[in-house]
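Topology and contacts: notes
Chain residues, written in single-letter form:
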Amino acid sequence: MAEVNDVKIEDSWKAALNEEFQKPYFLEIKDFLVKEKAAGKTIYPPGPLIFNAFNIVPLADVKVVILGQDPYHGPDQAHGLSFSVPLGQKVPPSLRNVYKELTEDIEGFVSPKHGHLESWAKQGVFMLNAMLTVEHKKAGSHRKIGWHKFTDAVIKKISDEREGVVFMLWGGFAKKKASLIDGDKHLILEAAHPSPLAGNAFLGNKHFSQANAYLAKQNLEGIDWKLEA
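Quantities reported herein were computed from a predicted structural model and do not represent experimental measurements.

Attention shifts here to the overall build of the protein. Counting secondary structure elements, the protein contains 9 helices and 6 strands. Whereas a compact globule of 229 residues would reach a radius of gyration of roughly 17 Å, the protein reaches 17 Å, a difference of no more than 12%. With respect to the principal axes defined by its C-alpha atoms, the protein has extents near 50 × 35 × 30 Å. The burial tally for the protein puts 51% of its 229 residues in the buried class. Sequence-distant contacts in the protein: of pairs separated by 6 or more residues, those separated by 24 or more amount to 69%. Working note: accessible area of the protein is about 10800 Å², and carbon and sulfur atoms make up 50% of it. Distance from the positive charge centre (28 side chains) to the negative charge centre (28 side chains) of the protein: 6 Å.

This is the structure:
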């Protein structure tokens, strides 16, 4: 990782989360990552991409939150947007199921051959992983270093400072975050995780059309979920 001290985060998020950045647990995260790098370990995503979701979607522009758990732990997969992979990477199994749901839910959606979701982020879809880093080939390796405290604070900050945001919580882990969100101010959508391990339980949730209908009620432009092939 480009040491955490050198990692940049968009100004509105920097101001909103300044208190978190000063807390002991966050300083411990920084120290941990610096030591891991010094020990020769490979950490994903690369330093400049750790806060990629934040840098693409300023706090005031967040329309939809999609919460993931861990970054992908294979080479060149994680790029700071949950469920997304860079162009040229194989579409992960969970994202294939997301595409299946979109095909049924959004008229005209055609599954692309890639898993690059940056066009969603540019429209206000904040794709947040609960843990922002992971060690090479070690899924869940950074779950206990304090990232969950930081990302819980992020979710609560969105809930407190914004109104009318759609939160898509997929799977048991994500659903537990509902307690951080004011359901009177926001739309909380829950479903099974899109992982094939959950069978077809994710399919049929209609989250994407529900999100756009909710945004439309607020006279906001919906998300164009379609992706270039």
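What follows covers the pattern of salt bridges. The final tally for this structure, using the stated rule, is 8 salt bridges. Among the salt bridges present, the one from Glu20 reaches Lys23, with a minimum N-O distance of 2.9 Å. Given a relative accessible area of 12%, Glu20 falls into the buried group. Put simply, Arg143 and Asp70 hold a salt bridge, and the shortest N to O gap is 3.5 Å. Here Arg143, found in the loop between β4 (134-135) and α7 (147-161), pairs with Asp70, found in the loop between β2 (64-68) and α5 (93-105); they are 73 residues apart in sequence, far enough to count as distant.

Here 4 strands make up an open sheet; going across it, the order is β3-β2-β5-β6 and the pairing parallel. For this open sheet the edge positions go to β3 (125-129) and β6 (187-191), each flanked by a neighbour on one side alone. Direction aside, neighbouring strands of the sheet carry axes that sit 20° apart on average. Examined bridge by bridge, strand β5 (residues 166-170) and β6 share 5 bridges and lie parallel to one another. Residue pairing across strands places Trp170 opposite Ala191, the latter belonging to β6.

The next subject is the nonpolar core. Membership of the largest hydrophobic core comes to 65 residues, with the highest contact counts inside it found for Phe54, Phe126, Trp147, Phe150 and Trp225. Among residues more than four places away in sequence, those in contact with Phe150 are Leu17, Glu20, Phe21, Tyr25, Phe26, Phe51, Phe54 and Leu132.

With the exception of glycine, most residues fall at negative phi, and the peptide bonds are largely trans. Tyr44 connects to Pro45 through a cis peptide bond whose omega is -10°. Here Pro45 lies in the loop between β1 (43-44) and α4 (52-56). With phi around 60°, Lys137 is a residue other than glycine that occupies positive phi space. The residue Lys137 is located in the loop between β4 and α7 in this model. Residue Lys137 is classed as exposed on the basis of its relative accessible area of 54%.

Quick notes on the rules
- Residues numbered from 1 in each chain as written.
- Predicted model: local features only at pLDDT ≥ 70, side-chain atom pairs only at ≥ 80, totals over all residues.
- Heavy atoms only, no water.
- Helix = DSSP H or I, 4+ residues; strand = E, 2+ residues; numbered from the N terminus.
- Rg over C-alpha atoms; globule rule 2.2 N^0.38 Å.
- Buried < 20%, exposed > 50% of the residue type's maximum accessible area, 1.4 Å probe, protein only.
- Contact = heavy atoms within 4.5 Å.
- Areas by Shrake-Rupley, 256 points an atom, 1.4 Å probe, with all protein chains shown as cover.
- Lys, Arg positive; Asp, Glu negative; His and termini not counted.
- Charge placed at Lys NZ, Arg CZ, Asp CG, Glu CD.
- Salt bridge = Lys/Arg side-chain N within 4 Å of Asp/Glu carboxyl O.
- Pairing = 2+ DSSP bridges.
- Axes fitted to C-alpha atoms, helices over the stretch in contact; angles between N-to-C directions.
- Core = buried A, V, L, I, M, F, W, Y, C linked by side-chain atoms within 4.5 Å.

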